[in-house]
Structure formats: structure tokens, C-alpha cells
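# A structural walkthrough
Here's the letter readout for the chains.
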Protein chains: 2
Amino acid sequence: MKSYKDLSKEELKNEIEILEKRYNAFKAQNLKLDMTRGKPCAEQLDISMDILDIPAKELRKAADGTDCFNYGVLDGIPEAKALFAEMLEVNTDEIIVGGNSSLNLMYDTIARAMSLGILGSTPWSKLDGVKFLCPSPGYDRHFAICELFGIEMITVDMKQDGPDMDTVEKLVSEDESIKGIWCVPKYSNPDGITYTDEVVNRFANLKPKAKDFRIFWDNAYCVHHLSENPDKLKNILKACKDAGKENMVYIFSSTSKISFPGAGVAVMATSTENLKGIKKSLTIQTIGHDKINQLRHAKYFKNLEGINTHMKKHAGILEPKFNTVLQILQEELGGKDIASWNKPNGGYFVSLNTLDNCAKEVAKLAGEAGVALTKAGATFPYGNDPRDRNLRIAPTMPPVEELKKAIEVLAICVQLVSASKLLNQ
Amino acid sequence: MKSYKDLSKEELKNEIEILEKRYNAFKAQNLKLDMTRGKPCAEQLDISMDILDIPAKELRKAADGTDCFNYGVLDGIPEAKALFAEMLEVNTDEIIVGGNSSLNLMYDTIARAMSLGILGSTPWSKLDGVKFLCPSPGYDRHFAICELFGIEMITVDMKQDGPDMDTVEKLVSEDESIKGIWCVPKYSNPDGITYTDEVVNRFANLKPKAKDFRIFWDNAYCVHHLSENPDKLKNILKACKDAGKENMVYIFSSTSKISFPGAGVAVMATSTENLKGIKKSLTIQTIGHDKINQLRHAKYFKNLEGINTHMKKHAGILEPKFNTVLQILQEELGGKDIASWNKPNGGYFVSLNTLDNCAKEVAKLAGEAGVALTKAGATFPYGNDPRDRNLRIAPTMPPVEELKKAIEVLAICVQLVSASKLLNQ
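So, here is what we can say about the structure in this document. Since the structure is predicted, the reported quantities are computational estimates derived from the model, not experimental observations.

## Overview of the sheet that holds strand β2 (residues 95–97) of chain B
All names here are of chain B. Read across the open sheet, the eight strands follow the order β2-β9-β8-β7-β6-β3-β4-β5; overall the sheet is mixed. Each edge of the open sheet carries a strand with a single partner, namely β2 and β5 (162–163). Strands in contact with helix α4 (residues 102–116) are β3 (131–136), β6 (178–183), β7 (214–218), β8 (249–254) and β9 (266–269); relative to β8, the strand with the most contacts, it is inclined by about 155°.

Here you go:
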């Protein structure tokens, strides 16, 4: 297909005419397609049903004899710790098994630092200003936490191997008010990028000016492969230990997209010293998390192999959807020099970059044709994509037939907006 | 039985000799009895087993069609809201159904006020000082939250009808830094007192100097009766509405001691305006709480009648234990003028007051004989009981036979310490 940039005005006008016809035909269908959030589809949830049918009497006693029906156990029952330690490649004493939401664990971690500081540091709320680095495009809910607490966000570019580490290294070493950085290091949200070993090493060897600087390592998609050759992510906690900086990273994950979104089990992993600090206030916050649900998950999955087997079922459902997206994007947009996107090996998103200053207009047009996308700009701090070009496609929820239509509409909108833009240049 | 105060020195010495023999006989048994926490016993947990055997397929769809296996729903599924609204006598739009811990809801509420303020007020962490009133004896975990956040606690006396309202009214109307008060209004922890209607009315008509003053109404034992004639607690939210102050109260409760401690469902009730404020940050904190567990509870209990029927089974197990405690206390201590206690109509505790300056010594002696009590002083802010006289007895966990021994040991210790004290006066 010919690059749009090589088209004459006449050719662009013809293109627009054809695209408008196609667009209007879809609009006439009164579509109502939702691709806003990375939610598993109903079929994916079906495969976890058996987790909830484990008989009550098997959910009572944990491996160490703990009565899971009663109060107690702040950091998780042994078998849940063992399961997550294996999944995250950490020791069982580097784990806190949480409640139903890793987002809540991250929120709590920031809230705690704001009110109480970290390992004796000044509470962030008592400082003149606190800043976070936000590799972008990134996860809007990370950014929302910073915004709520008045933490200033600094956008850092995402590259094909991870965040722009030159910038990260420079900023954290110079500015003591930079207290953290948000990372989705594997199958990143939304780009689907896995940080290379070199990037992980550079993270572990950061020399932050702030002693209470922490890497928020949201390993949400650690086992969420879409390929027979899954990406491998270097172990950040080990790398930090090797660099003598084991307190510098908080790792988060959950079974939300393994078992049940909103009713799974979340987990946090970090150095034993960090954990000790966290437990001091966690023991005030709660008597403990839901041990019955922990045991349910541990009994069902047993170990990482069990999780991986389960994830293959998810992949079986998701691969055709991702392939649909990629195929249509290629057919509609390939070679036209108006958009770029990744083929992710896992995760929940396809990230689409349009020409500069087109994303909002594309999302608006698509919305008017009944295709809801994550708000353009949402993948950047303050909802502000400086180049207005990134769109996050969440293909998991809709059935393939709907998805086909939605992506076709999206692709038509990208072409329409791009052609109009080039015509009026 | 003769009052200790009427005994001669000789008679006291005789008493002590007899008591020491009994004490040593128990000590020789190498007891290991734990009455530290208000935990249900194993038999109580058995009666909730069926909740966990509801088939998975019945746990999927909420009444409004929500897929409980997927993300979403910040404030609770409709049937859970309805259940708790009935239990707490509030409207369904005055409810947030939470996670597994009402303590966590309370912690979050304070943490939020510290970082973000309440309905636009200055965040408490930005103020020079924040104070809470703490009717005492009270619940140590409430006090621990204040202590963690550096909130100054002011002890207010508990009377037989509730907190000393003259003091409460005076203090809150004079001091703008007083931002809250902790209450366990029904079957209070530890006294087992239910606030009278007059006390509730006086709460609802408080005229706090601080606009962001809130009553933390921990209605933990609202359905936890131990009598055919249960106490009745006046509805505080309604009373506050009648007084034109509906934003002044936060109500908390949970099914922790109805179904599973640590794996039940917690709930918060307050004015719709307060809820709106809370949801603004709650939606940043989490995508939602565990809806599957909400549905499980709603399906099992159905309504307040279902809860009440279930609570009768708990009462059947607990009444003999409370009766054991009260009978032994009466037999050992009755008429001796060295201790006083309440006969609670519900809740989880018997509160024992010794002579002044005896509680720590009693707890120490009992501990040395293998009977662990909640730390003396724990029922007061900063662990400091100014009269050193209150001991919290938690009779629910041990089997009746163990309980008998434990209370006998306790009663012997009270007599020993009292007699020695009177002898040395």
C-alpha cells in the first residue's frame, strides 16, 4: 500500500470520500462496542470457575495449621506465599500476600509514604514537593494515584526496550524530590514491551539522590503470555540485591487476570527490611487479608506450573483476538505511514500511535460511530499526551466478531483523520 | 461473702495463704490458656461452613446482571447493599460494601482525612495537631490507628449508659483540633454497654467546633446478642439527619463475627454527601472489592432475618461461656468489694474492674500461671489506664472447661493482689 505522504491532494480527496462512505455505513449500524478497559472476557472467566467449587472443608486449615476461617496472619498463609514467591522469583520471606487488588497495595504504599515516610524518612506529605517519573505511554491508574496525592508527574519516554534510561538516571540522581517511578516491566501497559536485561540492570544500579526513592514495579502481566516464545524479564529484586540496593524496589502482582479480576489475590514483594517497615503499619491497618481466598487459589494452582497451564487457556482465547487486531491494522494501515503499533508477546493491550495531533480526533470519531476507546491521552500523566498520538486498544473483552468491526472502525477513523490532516497541511 | 475491706490483717493473711495454695496448684498444671483476643471459637466457625459451599455458577451474576467474576462496582452489588442496609437501618444509597475488614475501612477513613481532608477541609496532616476523643475502656485497635498517625488521644470516661457526654459535648464544642471520637455503641468493647437513646441523641446534637469532626461509630456487634431480650440501639444516622447533621457520622460494621473473621464482608454507612466524597478517592484506590464474597454472603443470609437466625446459633455456643465467666466471677469475687463487672447482653467481652492499681499485677500473676489476658491498660489510649484497674476478658475462644480454669485463675489472682494490697495499706 502506498504511503499517504506520497498521495496527491486529489488522491487524498478520493481516499477520504471512500473512507467516509465506509465510516457512515458502520455508523448506520448503531454499534455499541467497548474497548476502554483491559477486562478479561466472559469465556476467560469461565475457565476459573472450578476455583470456587473447592469444598469448604478443604479451605479451613493452612499448611501450618492456621484456621483460615478465623482472624490472624498478616502477610499470607505459607502455601500462598510459596506460590507467589515462585511466580515472582523471590523468597517466601520477601512476600506480603494482600487482598483482592494490587492497585490497592500500590495506593496503600504511596499513602503510607505520604503519611508515615519510608523506613524512617520524612513523610512525603511534610515535604515541599514530591515527584514521580512516569514512563509513558503508561497505566492511567498509576498516574491517578499520584494526581490524587498531589505528586508531580514527570513524563519519561517509553522506548522499544523500556523507559528512556538516560533520562531516568539523570533525573533521579539530580533531584531529591523524585521519590519514585512507575513501571510495568513485562508486556507493558499499553505498549506490550518487556524491559531488556540492560534496562533492568540500569534500574538496579540507579543512584537516586532521595534515599527513599522506590521503583514501583507493577509486574501485572508476568505470566500473561500470548506466544510460544514468551518474553523473559530479568529479576529486578535480585538485580537490586546484586547492586547492593535491595530496598529500592517494590514489586506488585495479582491473580486478577489469572483467576478473577476483583476477586483474586494480590501480592507485594520487596526486601525483608522494607517488609518489616510495611508490616509495622499494616498490622494497624488490618488484622489480615482473606486467607480463605488465598488457600482456594493455592490449592487450585498448586505451583507456577499450575498457573502456566491455566494461562495457556487464557492465551488460547486471547490469541485470536490479538491476531484479529494486528491483521486488520496491517490490512488497513500497513505501509501508509500514518500509524505504528507493536505486536505484543503478552499482556492486555495493543498500543497504536497515529500521526502527531490525531489521537483525540480519532477517538472522537470512533466514539461517534459507537466504538468506545480508552480516552486519548489517558496513557499519559494528567491525561496529556504531548504529541496527541497514542491510543490504547484493549481487545480482550469483545467477542471476535465485534472486535473485527471495532478495529475496522478505528482503522477507518485513523485513515480519515490522517488524510484530512495531510490534505489541509 | 464478707467484704475484703472488713477483714482484719490476720484474716487477710489467712486468705492470702489459702489463695496462694490454690494459685500454685494451678501453676503446677502448666496451663496455656489464651483469653487475649475476641476471636470466635472453632465451633462457631463450623456453623458458617455452608456459605463456602454455594456452587460457583450461583456466584456469577449479581441481581443487576453484574458479572461478579469481572472488574467493576465500587460500592457493592445490589443484594449486598440491601442486606447491610437492612442490618444497619440505613438506605442502600448510604452504603459502601468494602473488603474483608471493617478495621481497614476505619484506617482508610482516617488515612484519607489525614492526606486529603474531608469534603474539602484541610488535610489533617497539614494541621498543627489533630485530636480524637477516646471513650475508655475502649478498643485497642482504634487507639492504635490514632497513635500511628500521630493523632493525640483524649481519654473520656465510659459510664453505664455510654461515654461521659458532658465531657464530650464540652470538648468538641471548644476545641477545633478535635476531629473525631471512637464509639462502639452496642455491646461496647469491652464493657458490653449499649448507648442509651439519650446518649445517641446527644451525639447527634453535638456542636463540634471543627466542621470536619466525625463520629466513628463502630457498630461491630449490632446483631451479636447473648440474650432473648437484646439491647436496642437508636439509629445514629437517622438521629443525625433529624438534627440536621447527617454528615457527622461514619458507621462501620462487618460480618467478621457473623461469618468468617478475616474473610467476611465489611461495610461502611454514612450520608450520601460523605459517600460521594469518599468515592472520589476510593475509585483511585481500587477498582472494587470482592464481589464474589459479597454475593456468597448475600445469597446465604438473604436478609436480616437470615442473619438473626444465624446469630442465634452463635449465641447458643457463646451463652454458656459467658455464663461460666459470670458465675465464677460471682462465686469468687461477689460481695468482696474488690472487683466489679458487667453482665453484657451481647458482644464479645466481659470487662472486669479491680481495685485501683491492681490490674497490671493481676495480669502478670495470671500470665505466670499460664493464663494470657489482653494486656492490662490496652483498653486505654497509649496503653495507659490511669487507675490501672481494667481487664478485658475474652471468653469466646477457649472451650468451656479451659475457660473455667482460666477464670478461676484470674479470680484467684484478683483476690491475691487485692488482699496483699489491703494488707500493706
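Now that the structure has been shown, the text picks up again.
## Quick notes on unusual backbone geometry
Residue proline 190 of chain A is reached from asparagine 189 of chain A by a cis peptide bond, and omega for that bond is 5°. If you trace the backbone, proline 190 of chain A turns up in the loop between β6 (178–183) and α7 (197–204). At tyrosine 187 of chain A, a residue that is not glycine, the phi angle is positive and equals roughly 45°. Located in the positive-phi region is valine 73 of chain B, a residue other than glycine, with phi close to 70°. Tracing the sequence through the fold places valine 73 of chain B in the loop between α2 (42–46) and α3 (78–88).

## Focus: a negative patch on the surface
Together, Asp50 and Asp53 of chain A together with Asp50 and Asp53 of chain B line one region of the surface with negative charge. Its place among the elements puts aspartate 53 of chain A in the loop between α2 (42–46) and α3 (78–88). Take aspartate 53 of chain A: its relative accessible area is 42%, and that puts it in the partly exposed class.

## Regarding the sheet that holds strand β3 (residues 131–136) of chain A
Residues and elements named next belong to chain A. Spatially, the eight strands line up as an open sheet ordered β2-β9-β8-β7-β6-β3-β4-β5, and their pairing is mixed. The two strands at the open ends of the sheet, each matched to only one other strand, are β2 (95–97) and β5 (162–163). Bridge count for β3 against strand β4 (residues 152–159) is six bridges, and the pairing is parallel. Each bridged residue has a counterpart across the sheet, and for proline 135 the counterpart in β4 is valine 156.

## Examining the interface of chain A and chain B
Listed by partner, the interface residues are 54 residues for chain A and 54 residues for chain B. Taken over both partners, the interface formed by chain A and chain B buries close to 4,600 Å², and the fraction arising from carbon and sulfur atoms is 56%. On the surface where chain A and chain B come into contact, there are two salt bridges. The salt bridge involving arginine 60 of chain B is made with aspartate 46 of chain A; its shortest N-O contact spans 2.5 Å.

Reading the values: rules and limits
Residues numbered from 1 in each chain as written. Chains lettered and ligands numbered in written order. Predicted model: local features only at pLDDT ≥ 70, side-chain atom pairs only at ≥ 80, totals over all residues. Heavy atoms only, no water. Pairing = 2+ DSSP bridges. Helix = DSSP H or I, 4+ residues; strand = E, 2+ residues; numbered from the N terminus. Contact = heavy atoms within 4.5 Å. Axes fitted to C-alpha atoms, helices over the stretch in contact; angles between N-to-C directions. Patch = residues over 30% accessible without salt bridge, like charges linked within 9 Å, V, L, I, M, F, W, Y side chains within 5 Å. Areas by Shrake-Rupley, 256 points an atom, 1.4 Å probe, with all protein chains shown as cover. Salt bridge = Lys/Arg side-chain N within 4 Å of Asp/Glu carboxyl O. Lys, Arg positive; Asp, Glu negative; His and termini not counted. Charge placed at Lys NZ, Arg CZ, Asp CG, Glu CD. Buried < 20%, exposed > 50% of the residue type's maximum accessible area, 1.4 Å probe, protein only. Buried area = accessible area lost by both parts, 1.4 Å probe.

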